[in-house]
Amino acid sequence: MLKYSYIMYFFFGIPSLIIIKLSEYISNIKNNKASKELTLSFICTFVYSFFLIFLKDEIVKHYYFVFFGLTINYILNLDLLINITINPFYFISDESINYDIEENKEILKNIWIGALFLLFIIIINLLLGVLMIYNINGEAYLCSVTTNEIGILDLFYYTIVTFTTIGYGDIVPNAPESKVMAIIIAFTSVICLIIFISSILSAKSNFKKKLK
């Protein structure tokens, strides 16, 4: 019974908590376009996570539907990523910047929370792409360490390792589509880890310039 309680908490409790926190955060976003994009991106990520985890058999029959949705979601995330890279204050408006130190600290906090949340969604989006490919082609990824079936945790590990460009090589792409996916993950990681993060870290200094 306790085991099922943990399962229910993991699949329903944690997502519910994330949704509540997300709604609270979005309510503080002053940019209507950004709030709509972030909301839509999260909904798409949540819906396709359900499909790829609980309806694996249906993915093979309707892979084009999943592929189209994940592609649109990735483009949406990339648009948010580029906008925040260009302007770290994309989630707020110039009118909300003032000379109140405490309020400005809260604004900076919201900028970093939004950046981390977007980074989380992007990684999950990439993981869903890896899951889709593996569900369609069970031989798309090979593991040199074990002959057992590759699970979700293994593919999550592969996505993170590829995203951070560590690349241990224990799980490798073995099909054209999985190799293309690896290129997409590497391309996204370059934008996130080099341009995006450096831009967010410089937000504080840019913030001071706006106050002058």
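Our subject is the structure listed above.
### Things to note about helix 7 (residues 176-201)
The terminal C-alpha atoms of helix 7 lie 36 Å apart, and with 26 residues this matches the ideal 38 Å at 1.5 Å per residue to within 8%. Where helix 7 bends most, the angle comes to about 30 degrees, and this point is Cys 192. Every buried residue belonging to helix 7 is among Ser 178, Met 181, Ala 182, Ile 185, Thr 188, Ser 189, Ile 191, Cys 192, Phe 196, Ser 199 and Ile 200, and all of these are buried.

### Things to note about unusual backbone geometry
Positive phi values are uncommon outside glycine, yet Thr 165 reaches one of about 60 degrees. Of note, Thr 165 is situated in the loop between helix 6 (152-163) and strand 2 (171-173).

### Description of the packing of helix 6 against helix 7
At a closest axis distance of 8 Å, the pairing of helix 6 and helix 7 adopts a crossing angle of 50 degrees. The angle between helix 6 and helix 7 places the two elements in the oblique class. In this structure, helix 6 contributes Tyr 158, Thr 159, Thr 162 and Phe 163 to the contact, and helix 7 contributes Ser 178, Ala 182, Ile 185, Thr 188, Ser 189, Cys 192 and Leu 193. Residues belonging to the contact of helix 6 with helix 7 are distributed by class as follows: six nonpolar, five polar and no charged.

### Considering the nonpolar core
Ranked by size, the top nonpolar core spans 48 residues in total, and within it Leu 81, Tyr 141 and Leu 155 carry the most contacts. Looking at this core, the elements with two or more residues in it are helix 2 (32-54), helix 4 (63-86), helix 5 (101-136), helix 6 and helix 7. In terms of residue count, the dominant contributor to this core is helix 5 (18 residues). Setting aside its immediate chain neighbours within four residues, Leu 81 contacts Leu 118, Ile 122, Ile 191, Cys 192 and Phe 196.

### A few points about the packing of helix 4 against helix 7
In the contact formed by helix 4 and helix 7, the axes pass within 9 Å of each other and the chain directions differ by 30 degrees. Relative to helix 7, the element helix 4 lies roughly parallel. The two elements helix 4 and helix 7 cross, and the hand of that crossing is left-handed. Where helix 4 approaches helix 7, its residues Tyr 74, Leu 78, Leu 81, Ile 84 and Thr 85 are matched on the opposing element by Ile 184, Phe 187, Thr 188, Ile 191, Cys 192, Ile 195, Phe 196, Ser 199 and Ile 200. Here the residues of the contact of helix 4 with helix 7 sort into eleven nonpolar, three polar and no charged.

### Thoughts on the layout of surface pockets
In this structure, the second largest pocket spans a volume of roughly 380 Å³. Phe 67, Thr 71, Met 132, Met 181 and Ile 184 are, among the 16 residues lining the second largest pocket, the residues nearest its centre. Mapped by element, the contributors of at least two residues to the lining of the second largest pocket are helix 4, helix 5 and helix 7. No other element matches the six residues that helix 5 contributes to the lining of the second largest pocket.

### Description of the environment of Gly 169
Mapped onto the elements of the fold, Gly 169 is located in the loop between helix 6 and strand 2. You can call Gly 169 partly exposed: its relative accessible area is 39%. When the C-alpha positions of Gly 169 and Ser 144 are compared, they lie 8.1 Å apart, and in sequence the two are 25 residues distant.

### With respect to the environment of Asn 77
Along the chain, the position of Asn 77 falls in helix 4. Taking the relative accessible area as the measure of exposure, Asn 77 reaches 1% and is therefore buried. Placed 39 residues apart in sequence, Asn 77 and Leu 38 show a C-alpha to C-alpha distance of 8.0 Å. In contact with Asn 77, other than residues within four places in its own chain, are Ser 41, Leu 118, Ile 121, Ile 122 and Asn 125.

Procedures and definitions
Residues numbered from 1 in each chain as written. Predicted model: local features only at pLDDT ≥ 70, side-chain atom pairs only at ≥ 80, totals over all residues. Heavy atoms only, no water. Helix = DSSP H or I, 4+ residues; strand = E, 2+ residues; numbered from the N terminus. Expected span 1.5 Å × (residues − 1). Bend = angle between axes of the 7 residues up to and from the residue. Buried < 20%, exposed > 50% of the residue type's maximum accessible area, 1.4 Å probe, protein only. Axes fitted to C-alpha atoms, helices over the stretch in contact; angles between N-to-C directions. Parallel < 35°, antiparallel > 145°, perpendicular 65-115°, else oblique. Contact = heavy atoms within 4.5 Å. Nonpolar A, V, L, I, M, F, W, Y, C, P; charged D, E, K, R; others polar. Core = buried A, V, L, I, M, F, W, Y, C linked by side-chain atoms within 4.5 Å. Left-handed = near helix turned anticlockwise from the far one by under 90°. 1 Å grid on protein atoms, 1.4 Å probe; cavity = no way out; pocket = protein on both sides within 12 Å on 5 of 7 lines; lining within 4 Å. Points joined across faces, edges and corners; volume = space filled by probe spheres on them.

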